[in-house]
Amino acid sequence: MNTIITRFPPSPTGYLHIGGARTALFNWLWARKNAGRFVLRIEDTDEARSTKASVDAILESMEWLGIDWDDGPYFQTRRHDIYSEHIDRLLEQGHAYYCDCTAEAVNAMREEAKAKGLKPMYNGKCRNRGLKKGENTVVRLKTPDTGVTIVDDIVKGSTVFQNAEIDDFIIQRSSGMAMYNLAVVVDDITMGINTIIRGDDHLVNTPKQILIYQALGAPLPVFGHVPMVLGSDKARLSKRHGAMSVGEYKKMGFLADALINYLVRLGWSHGDQEFFERRELIEKFDLEHLGRSAGMFDMDKLYALNAKHIQKKKPIELGDDLLPHLADLGIDAQNDAFTQGVIETLQPRSKTLVEMAQGAVFYYRDDIEFEAKAAKKFLKPETQDLLNKCADAFDGLGEDFSQGAQEEVFKQIMEETGLGFGKIAQPLRVAVTGTTVSPGIFEMFIALGKEKTVQRIRKAAQFCAAQG
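Structural notes, computed from the coordinates.

Now for the overall build of the chain. A count of helices and strands for the chain gives 19 helices and 12 strands. With the principal axes as the frame, the chain shows a C-alpha extent of 105 × 45 × 40 Å. For the chain, restricting intrachain contacts to residue pairs at least 6 apart in sequence, the fraction spanning at least 24 positions comes to 75%. Only carbon and sulfur atoms are counted for the fraction: they give 49% of the accessible area of the chain, which is about 22800 Å². Taking the 58 positively charged and 65 negatively charged side chains of the chain as two groups, their mean positions are separated by 5 Å.

Given below as structure tokens:
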């Protein structure tokens, strides 16, 4: 069996969006599943709209997602000579010809055909004129007048196109620049691409591309055209549905593994399984279970899946991803034992890394600001004695600041004061965090450490005294 070679060919006219990322993912997974090769090709022939900033953003997004490539990135604008060589071959073998019809003349042909109830198309006027290359000549492919071109598709099955409805389309502009369909086919042939998975918006181009393959005497690749991603209202995906660039999802605190997991499930299934780690996807991905119906983008599902991936990761694995979000909040942290302890307390309740970073702020700031409502309810003057009692008891624990040791302190103070657990825990929570919402109190104290915990409780006791 030949080595599987797939590709991803983005146009650098903007950022990498969800649909493009999913296309890249499917091709990457199939190559990795089969120990094949994954090629990255930048289709930058739209020079007016292509930018280096877009190229950089696409590469950065793919690197963040962990979609690595074996060859490339290739740039179509640097492959002009390769395209010209193949066009010359088509001309020499009689599969293509020069045409000097003006745009106005071609439009008139189309209107004439339309008036007769026919498909508006070029009528082949220059097909047998034997024109030579001129200042304003284009090159057209000589397509068959009869018969059909069949697209055998691993997703959609067979689609039949009548050759009589495919005109002699342009493969080279008068400027010498190759047209999209020619460049794509030549790239895929010369790069050895034998499996092409792409959006079904490309299906309309496929019969033309097959005719170019045949004219060049090249074997056809395997085609798979996957349905587009739609919004939950079944409309074309847009920003209101969550169709942002991949970089935006990173800024919002999504994990690359979670986004990968979610994207693959938008067009592929493995039974009822929803949660996949990356190694599982590589192991289980196949082409037989690519979906025939459009995937519906659902932000709520993405948040839920991201939360699961956060919970599954080890704190040390999350540390480097969390640090930039902490930095955005003005916190200079390291992926050290302290930060990993902080992460462990926040994992069960964080849907995103942004949420986690926001929940972690109190751990890193020495000056705790008490929420007015929380302070009014729990840091009253009469609470001072309770807080001092707790601080003294915790301080007296010595080296053992485990949950078991803390629980003994609580039992002791509950017996001495007659207060229930909550009546003690909530003032302590506000004293240490400034709010009434936090991770579990024992795990939080352990992550913060005895010294800081005691310091904060004593400061809160002073705050209580000042309220009198």
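Together, D81, E85, D88 and E92 give the surface a local cluster of negative charge. Within the fold, E92 resides in helix α3 (residues 80-92). For E92, a relative accessible area of 67% translates into the label exposed.

The next subject is the packing of aromatic side chains. Summed over the entire model, instances satisfying the criterion amount to 18 aromatic pairs. Taken together, the aromatic side chains of F394, F401, F410, F421, F442 and F445 make up a single cluster linked through ring pairs. Note that R140 overlies the ring of Y122, its terminal NZ or CZ placed 3.7 Å from the centroid. A cation sits over an aromatic face here: K312 above F275, 5.9 Å from the ring centre.

On to the side chain of R127. When you line up the elements, R127 lands in the loop between α4 (103-115) and β5 (138-141). Residue classification places R127 among the buried positions, given a relative accessible area of 17%. In terms of polar contacts, R127 uses its side chain to reach the backbone carbonyl oxygen of T143, at 2.7 Å. Reaching out from R127, the side chain makes a polar contact with the side chain of D168 at a distance of 2.9 Å. With residues up to four places along the chain from it excluded, the contact list for R127 reads Y97, K142, T143, D145 and D168.

Each value, and the rule that gives it
- Residues numbered from 1 in each chain as written.
- Predicted model: local features only at pLDDT ≥ 70, side-chain atom pairs only at ≥ 80, totals over all residues.
- Heavy atoms only, no water.
- Helix = DSSP H or I, 4+ residues; strand = E, 2+ residues; numbered from the N terminus.
- Contact = heavy atoms within 4.5 Å.
- Areas by Shrake-Rupley, 256 points an atom, 1.4 Å probe, with all protein chains shown as cover.
- Lys, Arg positive; Asp, Glu negative; His and termini not counted.
- Charge placed at Lys NZ, Arg CZ, Asp CG, Glu CD.
- Patch = residues over 30% accessible without salt bridge, like charges linked within 9 Å, V, L, I, M, F, W, Y side chains within 5 Å.
- Salt bridge = Lys/Arg side-chain N within 4 Å of Asp/Glu carboxyl O.
- Buried < 20%, exposed > 50% of the residue type's maximum accessible area, 1.4 Å probe, protein only.
- Phe/Tyr/Trp six-rings, centres within 6.5 Å; stacked < 30°, edge-to-face > 60°.
- Lys NZ or Arg CZ within 6 Å of the ring centre and 35° of its normal.
- Polar contact = N/O pair within 3.5 Å; in protein donor to acceptor, adjacent residues only side chain to side chain.

Geometric values such as these leave the question of function open.
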